[in-house]
Amino acid sequence: MTARTSINDSTSTPAPKLLVIEPGIWPLHIEPDPRTLLVDPEFNIRGIRLGKGFVDSIRENGVLQTIVAVRTAEGHVKVRMGNRRTLGAVEAERPTVPVVVIGDESTDSAGEIERITKQYVENKHRDDMTEAEEIGAMVQLTAFGVSPTKIAKKLGLKNGTTVRNAVKVHESTTAMEALSQYKLDLTEAVVVGEFEDDPEAIQALMSARLSGQFDHVAQQLRDERTRQQQEHAFIEAHRAEGVRIVEDDEALTRLSELIDDGGQPLTPQGHQECPGHAAIVKQKVGYVDLSTGRPLNEGQENEGDRPSEDDENAPKIKTKRLSYPVLRWGCTEVEAQGHTEKPRPVYASYHQPTRRPKLSEMSQEEATAARADARRVRTNNAEWRSAETVRREWLRTYLARKTPPKGHGVFVGTAMAIDTSTVSRIGGNHLAAEILGGAEPGYGRSSHIKALIERASEQRAQVITLAIVLCGYEDETDVHSWKRVSPSTTRYLTFLEHCGYTLSDVERLACGREPLAETDADEANQQPNSPGQGESPEQVEAA
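Residues numbered from 1 in each chain as written. Predicted model: local features only at pLDDT ≥ 70, side-chain atom pairs only at ≥ 80, totals over all residues. Heavy atoms only, no water.

### Topic: the layout of surface pockets
Then, number 1: Approximately 670 Å³ is the volume attributed to the second largest pocket.
Then, number 2: If you trace the second largest pocket, you find 24 residues lining it, with Thr-187, Asp-215, Val-390, Glu-393 and Trp-394 closest to the centre.
Then, number 3: Taken together, the elements giving at least two residues each to the lining of the second largest pocket come down to helix H6 (160-170), helix H8 (186-194), helix H10 (214-240) and helix H11 (364-398).
Then, number 4: Classifying every residue of the lining of the second largest pocket gives seven nonpolar, 11 polar and six charged. (1 Å grid on protein atoms, 1.4 Å probe; cavity = no way out; pocket = protein on both sides within 12 Å on 5 of 7 lines; lining within 4 Å. Points joined across faces, edges and corners; volume = space filled by probe spheres on them. Helix = DSSP H or I, 4+ residues; strand = E, 2+ residues; numbered from the N terminus. Nonpolar A, V, L, I, M, F, W, Y, C, P; charged D, E, K, R; others polar.)

Spelled out as structure tokens, the structure:
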């Protein structure tokens, strides 16, 4: 018998006994105490994350989406769809929740499955079903234990992913509401469900749909949420160890800029006993071990450096260049503790290097402009990293095709003629192997790509060749690409746009274009001659 978990097992307060119901005519609509229901073990309250906004919404409005359940052999009511809502109701101390019991868990459900399937197919072909109605049918079939793959086959869907997405959307009241209010597709509704506790994020997503920036904004929101969570955990861990952390950058002078009263440089170890000893949290970009989530050579001088490819006996570690929090040490009581700034070297006038002045040395207007410029750089750097994630996922999907796109020959030929060093990058070769489904390459060129080409059709081989070229360009881009307009990067991104990829604002900067103004989003989407939209390959290359 499948293991079941009572919500009562996960709470310390006294709770009523599990609800027991008699066999009846299904479906049966009831409104029981949520604590009397059974939930699946994987949704045990100790292992599921309930956002504060989600719980507050249930506390204020109750459970709006009916929970789907079945009657067990013992007569208990087991939740099939709506475990998270059930646990949220317990957390919010709601006295009752709406539940529909669709049948006995032990009963042969073949007849009911057949009925739902026929009803779905008949309504789908007779008249357009709403997204909510289609989701309801998929969820009902899932509640009977039918696998997503089998449901997709019965309903004539492309694959089981659609069914899994439908279940995710059904679990989120916010996503279901947005589905009908904003006419979202199922994939977009899943993303809305990710941010159901964040109204500002949802509004940003809805605005982004106007300019085709939905995927980019969604990834930016994910990355920012991850950054905040990592930074919060990092700060709390170090404060628990007694580290004094300040948030105002101007309240602290970096130790690297100071010397003690004896003229010696200050170090974090030697400065620990100073009353002004403190740190500020900054983001550093470096290579992170994906298996541990920690930067390479953590705490060492070469922390986050690119892995060396010289030592063939070194362990193969899967890494990625990511942003992660670090401590920057300083002092908040420089004058009181007798510290002074390091003296600056004196140069001959025509050799004297330009030094970036401190904010304290600037006028108010200059300081405001400097802060704004620093924010712009941080924002664009973060948006580029988010765009890279979206772009590479798009490449992974696009390059799974069997035939090459129109205009690929001109693009590949131009790349071979003037960007040979870019196309032949070893990093691009490894990236192409990974995007085409190969294992992480070791040293040298990927044998996986060679094997793919050898057994491919003529047209698929052209797609693989295109993948090698595109990944060479992709590997050449980095977080600085938006700061300068490079002909090769422009050629690359414009070709992707020609193939149907939507450039983010920061990618438009890399091509020498202005970001899309929010008020012009509708107009921009309707421009037939905007770069990359409906142009010939020759026009794309000219751009």
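### A short note on the sheet that holds strand S11 (residues 319-331)
Then, number 1: The four strands lie next to each other as S7-S11-S9-S10, forming an open sheet whose pairing is antiparallel. Only two strands of the sheet have a single partner each, and these edge strands are strand S7 (253-254) and strand S10 (294-295).
Then, number 2: Of the strand pairs in this sheet, strand S9 (residues 277-289) and S11 are connected by 13 bridges, and their pairing is antiparallel. Paired with Gln-283 across the bridge in S11 is Pro-325.
Then, number 3: Contacts from H10 reach S9 and S11, with the element oriented near 40° to S11. (Pairing = 2+ DSSP bridges. Contact = heavy atoms within 4.5 Å. Axes fitted to C-alpha atoms, helices over the stretch in contact; angles between N-to-C directions.)

### Digging into the packing of aromatic side chains
Then, number 1: Scanning all chains against the criterion turns up five aromatic pairs.
Then, number 2: Judged by centre distance (5.6 Å) and plane angle (40°), the rings of Phe-411 and Tyr-473 are tilted. Residue Phe-411 is located in helix H12 (residues 408-418), and its partner Tyr-473 is located in helix H16 (residues 458-476); the two are separated by 62 residues in the primary sequence.
Then, number 3: Ring pairs connect the aromatic residues Phe-411, Tyr-473, Tyr-492 and Phe-495, which therefore count as one cluster.
Then, number 4: Note that Arg-84 overlies the ring of Phe-54, its terminal NZ or CZ placed 4.0 Å from the centroid. (Phe/Tyr/Trp six-rings, centres within 6.5 Å; stacked < 30°, edge-to-face > 60°. Lys NZ or Arg CZ within 6 Å of the ring centre and 35° of its normal.)

### As for the nonpolar core
Then, number 1: Counting 42 residues, the largest nonpolar core has Ile-135, Val-169 and Leu-205 as its most contacted members.
Then, number 2: The element best represented in this core is helix H4 (residues 131-143), accounting for six residues.
Then, number 3: Not counting chain neighbours up to four residues away, the residues in contact with Val-169 comprise Ile-135, Ala-175, Met-176, Leu-186, Ala-189 and Val-190.
Then, number 4: Residues Val-423, Leu-431, Leu-452 and Ala-467 belong to the second largest nonpolar core, which totals 38 residues. (Core = buried A, V, L, I, M, F, W, Y, C linked by side-chain atoms within 4.5 Å. Buried < 20%, exposed > 50% of the residue type's maximum accessible area, 1.4 Å probe, protein only.)

### Let's talk about unusual backbone geometry
Then, number 1: In this structure, the amide linkage connecting Trp-26 to the following residue, Pro-27, adopts the cis form with an omega of 0°.
Then, number 2: For Glu-93, which is not glycine, the phi dihedral falls at a positive 60°.
Then, number 3: Take Glu-93: it is sitting in the loop between helix H2 (83-91) and strand S6 (99-104).

### Points about helix H14 (residues 426-435)
Then, number 1: Summarising burial for H14: seven of the 10 residues are buried, a large majority.
Then, number 2: In this fold, the buried residues of H14 make contact with H11, helix H15 (447-454) and H16.

### Structural notes on the confidence of the model for the chain
Then, number 1: Residues of the chain with pLDDT of at least 70 account for 80%, and the chain-wide mean is 83.
Then, number 2: Contacts for the low-pLDDT stretch residues 43-47, under 50 throughout, to residues beyond four places or in other chains number 11 contacts.
Then, number 3: Overall, residues 519-543 carries pLDDT values under 50, and its contacts beyond four positions in sequence, including any with other chains, amount to 32 contacts. (pLDDT = per-residue confidence, 0-100.)

### Quick look at the pairing of strand S4 (residues 67-71)
Then, number 1: In terms of residue burial, S4 counts as a mostly covered element, since five of its five residues are buried.
Then, number 2: Judged from the four bridges that link them, S4 and S6 form a sheet pairing that is parallel. Paired with Ile-67 across the two strands is Val-99, which belongs to S6.
Then, number 3: Here S4 pairs with strand S5 (residues 77-81) via four bridges, running antiparallel. Within S5, the residue paired with Val-70 across the bridge is Lys-78.
Then, number 4: Connecting S4 to the antiparallel partner S5 that follows it, the hairpin turn spans five residues, and Gly-75 within it adopts a positive phi of roughly 95°.

### Some details on the environment of Leu-252
Then, number 1: Secondary-structure assignment places Leu-252 in the loop between H10 and S7.
Then, number 2: Put simply, Leu-252 and Cys-331 are 79 residues apart on the chain and 5.4 Å apart in space, counted from C-alpha to C-alpha.
Then, number 3: In this view, Leu-252 contacts Val-246, Ala-278, Ala-279, Ile-280, Gly-330, Cys-331 and Thr-332; residues no more than four positions away in its chain are not counted.

### Observations concerning the pattern of salt bridges
Then, number 1: Here the structure, examined in full by the defined rule, presents 24 salt bridges.
Then, number 2: Residues Arg-35 and Asp-33 are paired through a salt bridge, measuring 2.9 Å at the closest nitrogen-oxygen approach.
Then, number 3: Accessibility expressed as a relative area gives 27% for Arg-35, which makes it partly exposed.
Then, number 4: Residue Asp-56 is joined to Arg-59 by a salt bridge in which the shortest nitrogen-to-oxygen separation is 2.8 Å. On the criterion of helical spacing, the pair formed by Asp-56 and Arg-59 is a turn pair, its members being three residues apart in helix H1 (residues 52-61).
Then, number 5: Residue classification places Asp-56 among the partly exposed positions, given a relative accessible area of 30%.
Then, number 6: Several salt bridges share partner residues, and in doing so they unite Glu-388, Arg-391, Arg-392, Glu-474 and Glu-507 into one network. (Salt bridge = Lys/Arg side-chain N within 4 Å of Asp/Glu carboxyl O.)

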